[in-house]
Amino acid sequence: MSKIISFDIENSFGENSVCFGIDEAGRGCLAGPVVAGCCWMNRRAFPQKLLSLINDSKKISEAKREDIFLQLSALPSDVFMYEWADVSAKVIDEINILQASLLAMKNAYFKLMEKVSFNPDIILVDGNKSPSISPCKCVIGGDAISYSIATASIIAKVNKDHLLNEIGERFPQYEFCKNKGYGTKGHLEALEKFGICPYHRKTYAPVKKFVK
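Because the structure is a prediction, the values reported are computed rather than measured. Throughout, a residue's number is its position along its own chain's written sequence, starting from 1. Only residues with pLDDT of 70 or above have their local features reported here, since the model is predicted, and side-chain atom pairs are shown and tallied only from 80 upward, although totals for entire chains, interfaces and linings are computed over all residues. Side-chain calculation: all heavy atoms of the structure are included, whereas hydrogens and water are not.

**Q** Report on the packing of aromatic side chains, specifying residues and quantitative values.
**A** Here the aromatic set is Phe, Tyr and Trp, taking the six-membered ring for Trp, and pairing holds for ring centres within 6.5 Å; pairs whose planes are under 30 degrees apart are stacked, those over 60 apart are edge-to-face, and all others are tilted. Inspection of the entire model under this criterion finds 10 aromatic pairs. Judged by centre distance (5.3 Å) and plane angle (15 degrees), the ring pair of tyrosine 174 and phenylalanine 176 falls under stacked. The class of tyrosine 174 is buried, set by a relative accessible area of 2%. For each residue, the accessible area found with a 1.4 Å probe, counting protein chains only, is set against the maximum for its type, and the residue is called buried under 20%, exposed over 50%, and partly exposed in between. Relative accessible area serves as the criterion here: at 0%, phenylalanine 176 is assigned to the buried category.

Printed below as a string of structure tokens:
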């Protein structure tokens, strides 16, 4: 039986509880930063029409993610607030992708805390590892069952893709604007032909063999 996305996890902490959602995007990329999104949703005032569009970012097309992101960004601060943070490929190589993902999550959280005038009752984090912030609850597959986490996943994914598009303009031979840093056939062929660029993750197996 498939799970349905809802506010059930958020409401389990109280219908008036303040919940943040956190998720990351780009762990599996061969190039570019890992990006985390952190958001707060006013569950009572959030527009239902927009809510009906939200889901795990991986289940939504790029065009629809962009449209949802624009609508989210236009919401007033008493209805929705978000922040995002990225950790570079260089740092990923230095501390590993798990620690870099957790660092991005932590940084996104603290950036959001600078904007809000309240503390969260709970911070819902996608996956089984949480950054060193409190109070956290890890939710495996959370982007498919929690609106807060799914919304954070869209924020993370859209901003990660924007960064890869910018890198792609500088290094068009890797087709980052198309593959968004993932190890597609074309990307791997470009590595064979051109070697690596400064934004590749040198500790990743498909990239490592091209590091001189």
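**Q** Describe the pattern of salt bridges, with residues and values.
**A** The term salt bridge refers to a side-chain nitrogen of Lys or Arg lying within 4 Å of a carboxyl oxygen of Asp or Glu. Inspection of the entire model under this criterion finds 11 salt bridges. For aspartate 56, the salt bridge is made with lysine 58, and the minimal N-O distance between the two is 3.2 Å. Its salt-bridge partner being glutamate 62, residue lysine 180 comes within 3.4 Å of it at the nearest N-O pair. One end of the pair, lysine 180, is in the loop between α7 (176-179) and α8 (185-194); the other, glutamate 62, is in helix α3 (residues 62-74), and 118 residues separate them in sequence. Helix numbers and strand numbers start at the N terminus; a helix is a DSSP run of H or I with at least 4 residues, a strand a run of E with at least 2.

**Q** I'd like a rundown of the sheet that holds strand β1 (residues 19-25), residues and numbers included.
**A** Strand order in the open sheet formed by five strands is β3-β2-β1-β4-β5, and the pairing between neighbours is mixed. Only two strands of the sheet have a single partner each, and these edge strands are β3 (80-87) and β5 (136-139). Shown here is a sheet whose adjacent strand axes are inclined to one another by a mean of 20 degrees, direction ignored. Pairing between strands is defined by DSSP: at least two bridges between the two strands are required. Where strand β4 (residues 122-126) lies against β5, four bridges are found, and the strand directions are parallel. Each residue of the ladder has a partner; that of isoleucine 123, found in β5, is cysteine 136. Any two residues having at least one pair of non-hydrogen atoms within 4.5 Å are treated as being in contact. The axes are straight lines fitted to the C-alpha atoms, using for helices just the contacting stretch, and the angles between their N-to-C directions are given from 0 to 180°. Each of β1, β2 (34-41), β3 and β4 touches helix α5 (residues 97-113); the most contacted strand, β3, lies at about 145 degrees to it.

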